[in-house]
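Analysis of the macromolecular model
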Amino acid sequence: MANQVEPKLIEPLYQALQKERFVTIATIDHETGGPNVSAISWIYAPDEGRIYFAVDNRSRIVQNIKNNPLVVINLIANESTYSISGKAHVKVEKIEGVPLKLALVEIEINEVRDVMFYGSKISVEPRYEKTYDAQAAAKLDNQVMTALRNA
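Residues numbered from 1 in each chain as written. Predicted model: local features only at pLDDT ≥ 70, side-chain atom pairs only at ≥ 80, totals over all residues. Heavy atoms only, no water.

Section: the overall build of the protein
- Along the protein, the regular secondary structure elements total 3 helices and 8 strands.
- What you see in the protein, going N to C, is helices and strands ordered as β-α-β-β-β-β-α-β-β-β-α.
- A compact globule built from 151 residues would reach a C-alpha radius of gyration of about 15 Å, and the protein, at 15 Å, matches this within 12%.
- Oriented by its inertia axes, the alpha-carbon framework of the protein measures out at about 45 × 35 × 25 Å.
- For the protein, the proportion of its 151 residues judged to be buried stands at 43%.
- Taking the contacts inside the protein whose residues are at least 6 apart along the sequence as the reference set, 66% of them involve residues at least 24 apart.
- Put simply, the protein shows about 8,300 Å² of open surface, and 50% of that area lies on carbon and sulfur atoms.
- Side chains of the protein give 17 positive and 19 negative charges; the mean places of these two sets differ by 3 Å. (Helix = DSSP H or I, 4+ residues; strand = E, 2+ residues; numbered from the N terminus. Rg over C-alpha atoms; globule rule 2.2 N^0.38 Å. Buried < 20%, exposed > 50% of the residue type's maximum accessible area, 1.4 Å probe, protein only. Contact = heavy atoms within 4.5 Å. Areas by Shrake-Rupley, 256 points an atom, 1.4 Å probe, with all protein chains shown as cover. Lys, Arg positive; Asp, Glu negative; His and termini not counted. Charge placed at Lys NZ, Arg CZ, Asp CG, Glu CD.)

If you want it as structure tokens, here you go:
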């Protein structure tokens, strides 16, 4: 699908965003005006035109979005790398039912672009593991992802 541009998530990307996964998000830094890239994992697509994610409500990501709503999510899925751009806003300042002070951010998708370099594909997607108490991590992940699904 190299060089194709879509106005919303294609089906394999929508399916990939039905569970927690590693992505990066690029925002415009509210102090420097330059790019700021962060890794996040609590992400969910409620439909093909929107993405929700949760992040600490004191995060630089939140400050940046409040100053400039333009964002790009970098997603590795479907044997490729995708740039998902759109406008973000803080939908909920503090998600209820979660022990951390997390904001729920909504992105209205403007464009989905396959940005993988020509003649290649992703053969192994990134994997990560939580380095703190596995039981506590699983409980928190479940609480956050449930809140995103129910938002």
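Details of the layout of surface pockets
- Reported here for the largest pocket is a volume of approximately 220 Å³.
- Those elements that provide at least two residues to the lining of the largest pocket are β3 (35-40) and β5 (50-56).
- At 3 residues, the largest contribution of residues to the lining of the largest pocket is made by β5.
- Split into classes, the residues belonging to the lining of the largest pocket amount to 8 nonpolar, 1 polar and 2 charged.
- Space inside the second largest pocket adds up to approximately 170 Å³.
- Lining the second largest pocket we find Lys19, Glu20, Arg21, Phe22, Ile76, Glu125, Pro126, Arg127 and Tyr128.
- Considered class by class, the residues forming the lining of the second largest pocket number 4 nonpolar, no polar and 5 charged. (1 Å grid on protein atoms, 1.4 Å probe; cavity = no way out; pocket = protein on both sides within 12 Å on 5 of 7 lines; lining within 4 Å. Points joined across faces, edges and corners; volume = space filled by probe spheres on them. Nonpolar A, V, L, I, M, F, W, Y, C, P; charged D, E, K, R; others polar.)

Quick notes on the environment of Lys91
- By secondary structure assignment, the location of Lys91 is in strand β7 (residues 80-92).
- Residue Lys91 is classed as partly exposed on the basis of its relative accessible area, which comes to 37%.
- Each C-alpha atom of the pair Lys91 and Val105 lies 5.3 Å from the other, and the pair is 14 residues apart in sequence.
- Excluding residues that lie within four positions of it along the chain, Lys91 makes contacts with Tyr52, Leu104, Val105, Glu106 and Ala151.

Side note on the side chain of Asp141
- Along the chain, Asp141 turns up in helix α3 (residues 134-150).
- Taking relative accessible area as the criterion, Asp141 reaches 12% and is therefore assigned buried.
- Among the polar contacts made by the side chain of Asp141, one reaches the side chain of Trp42 at a distance of 2.9 Å.
- A distance of 2.8 Å separates polar atoms of two side chains, one belonging to Asp141 and the other to Lys130.
- When near neighbours in sequence (up to four residues on either side) are disregarded, Asp141 contacts Glu20, Trp42 and Lys130. (Polar contact = N/O pair within 3.5 Å; in protein donor to acceptor, adjacent residues only side chain to side chain.)

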